[in-house]
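This is what each chain is made of:
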Amino acid sequence: METHAIDIYLDHAAATPVDARVLAAMLPYFTERFDNPSAPYARGRAAKQALEDARGRLARAIGAKPANVTLTAGATEANNLAFGCVDGPVAVSAIEHESIMAIVEAREHATIPVEPDGMVTPAAVQGALTPRTELVSIALANGEIGTVQPLRAISDVVRAERRRRLDAGEETPLYLHTDATQAAGLLHVDVSSTGADLVTLSAAKIYGPKQVGLLWARDGIALRPLVLGGGQEHGLRGGTENVAGAVGFACALELAIGERVEECKRLSALRDTMQRTLVERFPDAVVSGPRKEARRLPHLLHISFPGLEARRLVIALDRRGVSVGTGSACAASKMRTSRTLQAIGLDRSIADGSLRITLGRPTTEEQVRDAVDIIGDVVAAEYARVAAQHDWSEDRGNHHG
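Please read all numbers here as calculations on a predicted model, not as lab measurements. (Residues numbered from 1 in each chain as written. Predicted model: local features only at pLDDT ≥ 70, side-chain atom pairs only at ≥ 80, totals over all residues. Heavy atoms only, no water.)

## Comments concerning the pairing of strand 3 (residues 90–93)
Which entries qualify depends on this criterion: Whether a residue is buried, partly exposed or exposed follows from its accessible area with a 1.4 Å probe, protein chains only, as a fraction of its type maximum: under 20%, in between, or over 50%, in that order. Runs of E in the DSSP output that reach at least two residues are strands. Runs of H or I that reach at least four are helices, and both are numbered from the N terminus. Crossover handedness is defined by viewing with both strands directed away from the observer: a clockwise path from the first strand over the helix to the second marks the crossover as right-handed. One bridge is not enough; two strands pair if DSSP finds at least two bridges between them.
Taking every second residue as pointing to the same face, both faces of strand 3 are buried, with V90 and V92 on one and A91 and S93 on the other. What joins strand 3 to strand 4 (residues 109–112) is helix 4 (residues 98–104), and the crossover it makes is right-handed. Judged from the 3 bridges that link them, strand 3 and strand 5 (residues 135–137) form a sheet pairing that is parallel. When the bridges of strand 5 are listed, V90 appears paired with L135.

## Quick look at the domain arrangement of the chain
Put simply, the rule is: For the purposes of this description, domain bounds are those given by an automatic or database domain assignment. Whether two residues are in contact is decided by their heavy atoms: any pair within 4.5 Å suffices. By buried area we mean how much accessible surface two parts lose on assembly, using a 1.4 Å probe and totalling the loss over both. A pairing counts as a salt bridge when a side-chain nitrogen of Lys or Arg comes within 4 Å of a carboxyl oxygen of Asp or Glu. Under the rule applied, a polar contact is a pair of N or O atoms within 3.5 Å (in protein, one hydrogen donor and one hydrogen acceptor; residues adjacent in sequence only if both atoms are side-chain atoms).
For the chain, the domain assignment lists domain 1 (8–16 + 260–384) and domain 2 (20–255). Domain 1 and domain 2 are separated by 28 Å when their C-alpha centres are compared. In this complex, domain 1 contributes 36 residues to the contact, which on the side of domain 2 involves 34 residues. Interface area, domain 1 with domain 2, both sides summed: about 2,900 Å², of which 54% is carbon and sulfur. There are 2 salt bridges connecting domain 1 and domain 2. In this structure, E98 engages R339 in a salt bridge whose closest nitrogen and oxygen atoms are separated by 3.7 Å. Summed over the shared surface of domain 1 and domain 2, the result is 12 residue pairs in polar contact (both at pLDDT 80 or more). Elements that contribute at least two residues to the side of domain 1 that touches domain 2 include exactly helix 8 (243–281), strand 10 (300–304), helix 10 (329–332) and helix 11 (339–343).

## Structural notes on the sheet that holds strand 10
Judged by pairing direction, the sheet is antiparallel, and its 3 strands sit side by side in the order 9-10-12 without closing on themselves. Each edge of the sheet is formed by a strand with only one pairing partner; in this case those strands are strand 9 (286–287) and strand 12 (354–358). Of the pairings in the sheet, the one linking strand 9 to strand 10 comprises 2 bridges and is antiparallel in character. Looking at the pairing, V287 lines up with I303 of strand 10.

## Some words on the sheet that holds strand 7 (residues 198–202)
Our working definition: Convention adopted: a line fitted to C-alpha atoms gives each axis, helices being fitted over their contacting stretch, and angles between N-to-C directions are expressed from 0 to 180 degrees.
Reading across from one edge, 2-8-7-6-5-3-4 is the order of the 7 strands in this open sheet, with mixed pairing throughout. With partners counted over all chains shown, the strands left at the sheet margins are strand 2 (69–72) and strand 4, one partner each. Sheet twist, expressed as the average angle between the axes of neighbouring strands with direction ignored, equals 20°. Looking at chain direction, strand 7 and strand 8 (residues 213–217) are connected through 5 bridges and run antiparallel. Each residue of the ladder has a partner; that of T200, found in strand 8, is L215. Running at roughly 115° to strand 2, helix 2 (residues 42–61) makes contact with strand 2 and strand 8 of the sheet. Helix-sheet contacts for helix 6 (residues 151–167) involve strand 5 and strand 6 (175–179), and the interaxial angle to strand 6 is about 160°.

## A look at the packing of helix 2 against helix 8
We count it as follows: In these notes the angle categories are as follows: under 35 degrees is roughly parallel, over 145 is roughly antiparallel, 65 to 115 is roughly perpendicular, and the rest is oblique. Crossing handedness is read from the near helix: turned anticlockwise from the far helix by less than a right angle, it gives a left-handed crossing, and turned clockwise, a right-handed one. Side-chain classes follow a simple rule in which Ala, Val, Leu, Ile, Met, Phe, Trp, Tyr, Cys and Pro form the nonpolar group, Asp, Glu, Lys and Arg form the charged group, and the remainder, Gly included, forms the polar group.
At a minimum axis separation of 9 Å, helix 2 and helix 8 run at an interaxial angle of 30°. Viewed along their axes, helix 2 and helix 8 adopt a mutual orientation that is roughly parallel. Crossing of helix 2 over helix 8 shows left-handed handedness. Here A47, A50, L51, A54, R57, L58 and A61 of helix 2 come into contact with helix 8, specifically with V243, A246, V247, F249, A250, C251, L253, E254 and I257. When its residues are assigned to classes, the contact of helix 2 with helix 8 shows 14 nonpolar, no polar and 2 charged.

## Side note on helix 6
As a reminder, the rule being used: Expected helix span is taken as 1.5 Å per residue step, with the number of steps being one fewer than the number of residues.
The end-to-end C-alpha separation of helix 6 is 24 Å, in line with the 24 Å expected for 17 residues at 1.5 Å each. Where helix 6 is buried, its residues contact helix 5 (122–128), strand 5, strand 6 and helix 7 (191–194). Of the residues one or two after helix 6, G169 is the one with positive phi, at around 75°.

## What to know about the pattern of salt bridges
Throughout the structure, instances matching the rule amount to 32 salt bridges. As a salt-bridge pair, R164 and E161 come within 2.9 Å of each other at their nearest N and O atoms. With R164 and E161 both in helix 6 and 3 residues apart, the pair spans about one turn of that helix. Using a relative accessible area of 9% as the deciding quantity, one classes E161 as buried. Of the charged contacts, one joins R281 and D377 as a salt bridge, the two residues approaching to 3.5 Å between their closest N and O atoms. Of this pair, R281 sits in helix 8 while D377 is found in helix 13 (residues 365–400), placing the two residues 96 residues apart along the sequence. By relative accessible area, which is 42% here, R281 ends up partly exposed. The network of salt bridges with shared partners includes K48, E52, R55, E233 and E241.

See below:
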């Protein structure tokens, strides 16, 4: 890995470092407590107990019963498991994560439009429902522009349609799923308060290990296994359980919840400073997402510089030791225009110059000051390069004319 005199990481929506306290909790399960939870002897039973203890802690953290929590290898698998419980049409918002969009592309689905700030309105959800719709999926918070959705109001629409079906004697099920991966640790995530029937969470975004996640499903929902094998996870996910990962996940979620209020205040203040400074220097810059603080993730700044190319900015910033994103890491790796920015109606000339800056637990005031200076210098240099190129093209045209 390249090293720089300055190393400022501002892409915490893509990945977070494992907290030292989480790593300390996990380490014994890689070494002296490595045993298989399915083993019949005392050491195996101890591993099983550690696994179930972690499940119980995760359940308590989200106001759930342990029996309703299925541990998975990350949010993507949990999302697939959620959609696997239905066969009929589904409805998803136009700004869902790549893992959701990839699932629905292969099946009958409706796309729910969003407002220019990325908000999904209950009316839009109502408009997307048909008597055949079996599942609605809306992420609690968008990881690209930071929009926090009115999930409780959306759940009221789903429940009303469910009541209508019941009263009409219709047997088609209808569930509400939410991927709360980007919200966990920054918002209060309680399964009852969300109003959802299925909730996805991941350890990777809350300073826990990667490839560890969970799906909570309310009573009465029949999940179907994706991975067949030895019958682990109540027959829903075969394979030796990741005890270290589960322990780390539980520790990370508890820490995030315990520190959430103060950390969110700190991050939003740093984010606001960065936004204000950059917009003052570049008045044409466009900030996407909601304006109300309560409807916006506190650590995220999505800012676009019209007429510039985000890829050039990211490369130039990387050379200066600043790591930022351009949107969902999954989408960015495919080097295509953001689906989210298209959905909110952002003009291509603006969208192409977009940066997603996400602060995190290790981010300091000094790093924010340095990053703002470097981003400002890089953006100014790019504008100067584009202007010089434009002048050169005009001169050449005049010469040939």
